[in-house]
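Residue-level listing of the chains:
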2 protein chains.
Amino acid sequence: MRRLNVELGERSYPILIGPGLLGQSRHLARYIRGRQVCVVTNETVSPLYLARLLDGLPECDLIDTVELPDGEAFKTLETVNRIFDRLLERRHNRTTTLVALGGGVVGDMTGFAAACYQRGVDFIQVPTTLLSQVDSSVGGKTGVNHPLGKNMIGAFYQPRLVLADTDTLASLPERELAAGIAEVIKYGMICDAGFFEWLEDNMGRLLDRDADALAYAVERSCQDKAAVVAEDERESGRRAILNFGHTFGHAIETVQGYGNWLHGEAVAAGMVMAAELSRLRGDIGADVVERLRALLGLAGLPQAAPDGMTVQQFLEVMAVDKKVLDGRLRLVLLCGLGDATVCADTPRELLVRALENCGAV
Amino acid sequence: MRRLNVELGERSYPILIGPGLLGQSRHLARYIRGRQVCVVTNETVSPLYLARLLDGLPECDLIDTVELPDGEAFKTLETVNRIFDRLLERRHNRTTTLVALGGGVVGDMTGFAAACYQRGVDFIQVPTTLLSQVDSSVGGKTGVNHPLGKNMIGAFYQPRLVLADTDTLASLPERELAAGIAEVIKYGMICDAGFFEWLEDNMGRLLDRDADALAYAVERSCQDKAAVVAEDERESGRRAILNFGHTFGHAIETVQGYGNWLHGEAVAAGMVMAAELSRLRGDIGADVVERLRALLGLAGLPQAAPDGMTVQQFLEVMAVDKKVLDGRLRLVLLCGLGDATVCADTPRELLVRALENCGAV
């Protein structure tokens, strides 16, 4: 078992990574402070892992399960309200612990529910997808979508524990594995060139689901992310580099409708756009963009805008992105492989050109 | 103008109290950091004070107003969602400031919207009722009701400024003035016996809306509350004494339906119940209960349960109150006038007797 700490003062918490963690009750028992638990999961994950998780829970007075519909389309305030309904019907109090068993959607909603239920109760992340193990379960961003924008409603709220059982990756559909790899590649691009090179050498092992390779990739991704989050928990500065590719990616997800492109797929295309824009600004060479495209290609990830999506659609959605400050679009761009920074001074013409070079019409 | 500080480290903020503050732009201008503002108010307050508030705003790029329906019945997730809709339609970004202009319901919902919009934006409280000036605008409790319980969904989220213009109390209906006085009396009961005596001597002036008496009562109430909140922001201990009378009061509000009894009226009756229970435990004399009843009577406030409300109804609703920990009912009781404490060991029989002595059937 690998163990990392996210260092956030009194809100610090461990990430445990490895095979077979789900049914080992000693892990969960240490971090459940009361005698009430509510497990939130979805209809896809529930038949696969719920029983194993329940086996690993300590003795409690009250254990409930909420099964949500599966998919980004359900990441709404209404769905979170179903969690509140259950908690209140079953009289969970302030000492309850919510356990998120599933991917990023389940984790984001459960974390937000925990942040808001009786103004805050404990929660534990048990991510079961690569994407959630390397990204969304770490760092405390929780929330839901709004018809007019992704993740527009939410809270910064840290879990007490992240338990990443790498065995769960075995059941992941290929497309979702690849989508998770997009975020893994992101860490290489923004802050860890050595990891990027490791990925160039080991992509085959990851796609073959080699247990050691997966565990290493999850650990190193979490390390990279935890270091950035520890520096800037509430994203007032450096944390924004984690959004590399995401402003473009969110535009793709918004226009395609949530759930049609997977988040990681949209981020993959978005990273190419951000890299291409960095190249047009003269900050990186064409070789960096090429290496990114090649690595995404190996993973079977998209490297361009969806068919038919227009430059105008990108610009419109990006104007309400959270990264817009005082009317100026702030984008995460590259200064080199493994070196990202936030820029607020991108000329519109360059942005349009980068979008066109990446397939927007 | 009177000025207090709520001391919460980097989340500290001032409370400004006095007549005529609403239209003085220098106060708001200092605490609005961006160039976007969204004022949230309700249909009752809007015609009275919105224009004056807008006059007092600094120059901005974007000023919007959201007018909500009036009343506790609308303090729901759906109503908060209307604020999100407006913010997103009008493309407010992370630098926006929400201004809550109204009573506690507007303040609680606006604060919660500010806590959740893009994971947190600035907000300012401009309370226009006595209740919100002395209680809900101070301390950072925000949230909404759920059909199964009051204030069950929310966040601790501090404003950047509280601007309490005592001129707004002139337009307050008599019943709402009295409801606010209930919370004022509460501070005397739980932590400020000297203030309780002042209230016994000056209730007539308050009911006549004597400007000096009102400003003094608001200031002293805010001082008392700020001291308790500074000690225990997230209510892990002492802050709970501010809930004196509230566990009973919430039961009344829940059973009567939100909005039929005003919050302050329910708290008034609830305080008598808590005092009566303290007497039955032998912790205070009958004289303290009598002085409380008398002072509430002077203010025209209820001193007993609503007609027909049963002991069973109280017990059922109280079982889901946030103050329930590990299945034990935690109640704020008195050790003396001006001295409250949290008790988790009240025998059920005494509780039933106290409820019966206070009119529950």
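In the annotation of an unreviewed UniProt entry, chain A is listed under the name 3-dehydroquinate synthase and assigned to Microbulbifer yueqingensis. What UniProt records for chain A under Catalytic activity (unreviewed entry) is the sentence "7-phospho-2-dehydro-3-deoxy-D-arabino-heptonate = 3-dehydroquinate + phosphate". If you open the UniProt record of chain A and go to Function (unreviewed entry), you find "Catalyzes the conversion of 3-deoxy-D-arabino-heptulosonate 7-phosphate (DAHP) to dehydroquinate (DHQ)."

### Examining the sheet that holds strand β1 (residues 2-6) of chain B
Strands belonging to one sheet form pairs held by backbone hydrogen bonds; the direction of such a pair is parallel or antiparallel. Residue and element names in this part refer to chain B. Strand order in the open sheet formed by seven strands is β1-β2-β9-β6-β5-β3-β4, with mixed pairing between adjacent strands. For this open sheet the edge positions go to β1 and β4 (62-68), each flanked by a neighbour on one side alone. Across this sheet, the average inter-strand angle for adjacent strands is 15°, counted without regard to direction. Looking at chain direction, strand β5 (residues 97-102) and strand β6 (residues 122-127) are connected through six bridges and run parallel.

### Looking at the UniProt feature "binding site: Zn(2+)" (unreviewed entry) in chain A
Residues and elements named next belong to chain A. UniProt annotation of "binding site: Zn(2+)" (unreviewed entry) refers to Glu183, His246 and His263 when read in the numbering used here. The annotated residues occupy 81 residues of the chain but converge on a single region, no pair of C-alpha atoms lying more than 10.1 Å apart. Its location among the elements puts His246 in helix α9 (residues 246-256). Using a relative accessible area of 6% as the deciding quantity, one classes His246 as buried. Excluding anything up to four places from it in sequence, His246 contacts Glu183, Lys186, His263 and Val267.

### Digging into the domain arrangement of chain A
All names here are of chain A. The domain architecture assigned to chain A consists of domain 1 (2-171) and domain 2 (174-357). Computed from C-alpha atoms alone, the centre-to-centre distance between domain 1 and domain 2 is 25 Å. Contacts between the two partners involve 34 residues from domain 1, matched on the other side by 37 residues from domain 2. Summed over both sides, the interface between domain 1 and domain 2 buries roughly 3000 Å², with carbon and sulfur atoms accounting for 63% of that surface. Inspection of the domain 1/domain 2 interface yields five salt bridges. With its nearest N and O atoms 3.3 Å apart, the salt bridge here joins Glu253 to Lys150.

Conventions adopted
- Residues numbered from 1 in each chain as written.
- Chains lettered and ligands numbered in written order.
- Predicted model: local features only at pLDDT ≥ 70, side-chain atom pairs only at ≥ 80, totals over all residues.
- Heavy atoms only, no water.
- UniProt positions renumbered as here; feature names shortened; annotations may be inferred.
- Pairing = 2+ DSSP bridges.
- Helix = DSSP H or I, 4+ residues; strand = E, 2+ residues; numbered from the N terminus.
- Axes fitted to C-alpha atoms, helices over the stretch in contact; angles between N-to-C directions.
- Buried < 20%, exposed > 50% of the residue type's maximum accessible area, 1.4 Å probe, protein only.
- Contact = heavy atoms within 4.5 Å.
- Domains from an automatic or database assignment.
- Buried area = accessible area lost by both parts, 1.4 Å probe.
- Salt bridge = Lys/Arg side-chain N within 4 Å of Asp/Glu carboxyl O.

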